[in-house]
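Close look at the chain arrangement
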Amino acid sequence: MFSSIMINTWIVATLVAAVAGFVGFFVVIRSSSFAAHTLPLGTFPGAALASLLGVNTLFGLIAFAGLGVIGISQLGRLGRHEVATALSLVMLLALGTLFLSMCKQYSQQVYALLFGEVLGVSTTEILPVAAIGSLSVAIAAVFFRPLLLCSISPELAEVQGVSSRRMELWFLTILALATALSLPVVGALLVFSLMVGPAAVARTLTDSPLRATLLSVVLSLVTVWTAIALSYLTNWPVGFFVGGLGAIFYGLDRVWRHINTQSRRRAVTCADRTGAC
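Conventions and cut-offs
- Residues numbered from 1 in each chain as written.
- Predicted model: local features only at pLDDT ≥ 70, side-chain atom pairs only at ≥ 80, totals over all residues.
- Heavy atoms only, no water.
- pLDDT = per-residue confidence, 0-100.
- Helix = DSSP H or I, 4+ residues; strand = E, 2+ residues; numbered from the N terminus.
- Patch = residues over 30% accessible without salt bridge, like charges linked within 9 Å, V, L, I, M, F, W, Y side chains within 5 Å.
- Areas by Shrake-Rupley, 256 points an atom, 1.4 Å probe, with all protein chains shown as cover.
- Salt bridge = Lys/Arg side-chain N within 4 Å of Asp/Glu carboxyl O.
- Buried < 20%, exposed > 50% of the residue type's maximum accessible area, 1.4 Å probe, protein only.
- Expected span 1.5 Å × (residues − 1).
- Core = buried A, V, L, I, M, F, W, Y, C linked by side-chain atoms within 4.5 Å.
- Contact = heavy atoms within 4.5 Å.
- Axes fitted to C-alpha atoms, helices over the stretch in contact; angles between N-to-C directions.
- Left-handed = near helix turned anticlockwise from the far one by under 90°.
- Nonpolar A, V, L, I, M, F, W, Y, C, P; charged D, E, K, R; others polar.
- Polar contact = N/O pair within 3.5 Å; in protein donor to acceptor, adjacent residues only side chain to side chain.

1. Comments concerning the confidence of the model for the protein
Here the protein averages 78 in pLDDT, and 83% of its residues register 70 or above. Mean pLDDT across the secondary structure elements of the protein bottoms out at helix H5 (residues 107-115), with 64, and peaks at helix H11 (residues 209-234), with 89.

Structure, rendered in structure tokens:
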């Protein structure tokens, strides 16, 4: 599990998890889970085009992520945001269908991009992942306060001179970069679970944005590290364990909160009836 051939796996997975946890905080507070699901599905066909052109698939992912950002942001100005997101997904999947039909030896790569294939990562993939991840986190850190303000109260943000439309574009750009970064590791079908699951749990455990962000990163790292270990031992896809662990963590969190809520209610009832507990 910690042999030399697995070192690259642990490095890349750690980078991806840290970025996904950081960006996931904004996905949760902005209620943008649909966009976090749409961009991965809409960008993986870009890898098919990159394969046809004989270039690095990461460039294709980034290019299609950019198309997704443009589609969602531009169509969102003309109507409802979720409709614009859905239309962008349909457009990108249509192009993806065309590109995939032209590929004759792409089935294994498609499977890896859909379900994740982090085991056996090459050394040449570490630098691009680190660069894109650093760029994504840097942009999110620079716009942390205005993004947070627009997410919580768009009206107050406008009063303070922060453009909600501009922040939406920056958010989608950050999400697109994180998507292109995470896709080869956990797959298009489950990349959004790595962003949403840990961040959703962290958001319920603390009201502090900074602590919630850091906790989201920690939970994301624990999820990915555990998923890699289980995948290595069972030879099952990493994406399966990422999605499963995310659901388990969130379920345990909801159960714990329910128990605490019931305990507080009983304490209040006891105090009302007897004047003391």
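2. Digging into a nonpolar patch on the surface
Together, Leu52, Leu53, Val55, Phe59, Leu98 and Met102 line one region of the surface with nonpolar side chains, adding up to about 590 Å² of accessible area. At the level of elements, helix H2 (33-53) and helix H4 (81-102) are the ones that each hand at least two residues to the nonpolar patch. Here valine 55 shows up in the loop between H2 and helix H3 (57-76). For valine 55, a relative accessible area of 43% gives the class partly exposed.

3. Some points on H2
The terminal C-alpha atoms of H2, which comprises 21 residues, lie 32 Å apart, in line with the 30 Å expected from a rise of 1.5 Å per residue. Once H2 ends, the next one or two residues include glycine 54, with phi positive near 75°.

4. As for the nonpolar core
Formed by 62 residues in total, the largest nonpolar core has its most connected members in Val23, Phe25, Phe26, Val27, Leu147, Phe171 and Leu175. Ignoring sequence-local partners within four residues, the contact set of valine 23 consists of Ser136, Ile174, Leu175 and Ala178.

5. Description of helix H10 (residues 191-205)
Across its 15 residues, H10 extends 22 Å between first and last C-alpha, which sits within 8% of the 21 Å expected from 1.5 Å per residue. Most of H10 is tucked away, with eleven of its 15 residues classed as buried. Every buried residue belonging to H10 is among Val191, Ser193, Leu194, Met195, Val196, Gly197, Pro198, Ala199, Ala200, Val201 and Ala202, and all of these are buried.

6. Let's talk about the environment of leucine 175
When you line up the elements, leucine 175 lands in helix H9 (residues 164-186). Distance from leucine 175 to serine 32, taken between C-alpha atoms, is 9.9 Å for residues 143 residues apart in sequence. Apart from residues no more than four positions distant in its own chain, leucine 175 is found in contact with Val23, Val27, Ala35, Ala36, Leu39 and Met195.

7. Things to note about the packing of helix H1 (residues 7-29) against H10
For the pair H1 and H10, the least separation of the axes is 7 Å and the interaxial angle reads 65°. Two packed elements cross with a definite hand, and for H1 against H10 that hand is right-handed. Along the contact surface, H1 presents Val16, Ala17, Ala20, Gly24, Phe25, Val27, Val28 and Ile29, while H10 presents Leu194, Met195, Val196, Ala199, Ala200 and Arg203. Looking at side-chain class alone, the contact of H1 with H10 contains twelve nonpolar, one polar and one charged residues.

8. Things to note about the packing of H1 against H11
Where H1 contacts H11, the axes come no closer than 8 Å and their chain directions differ by 145°. Crossing hand, H1 versus H11: right-handed. Residues Thr9, Trp10, Ala13, Thr14, Ala17, Ala18, Ala20, Gly21, Phe22 and Phe25 of H1 lie in contact with H11, whose contacting residues are Pro209, Ala212, Thr213, Ser216, Val217, Ser220, Leu221, Val224, Trp225, Ile228 and Ala229. Looking at the contact of H1 with H11 residue by residue, the classes come out as 15 nonpolar, six polar and no charged.

9. Considering the pattern of salt bridges
Considering all chains together, one arrives at two salt bridges under this definition. Residues arginine 30 and glutamate 168 are paired through a salt bridge, measuring 2.5 Å at the closest nitrogen-oxygen approach. Of this pair, arginine 30 sits in the loop between H1 and H2 while glutamate 168 sits in helix H9, placing them 138 residues apart in sequence. Overall, glutamate 168 belongs to the buried group, its relative accessible area being 17%.

10. Regarding the side chain of serine 151
By secondary structure assignment, the location of serine 151 is in helix H7 (residues 144-152). Polar side-chain contacts of serine 151 include one of 3.3 Å to the side chain of arginine 30. In contact with serine 151, not counting residues within four places along its chain, are Ile29 and Arg30.

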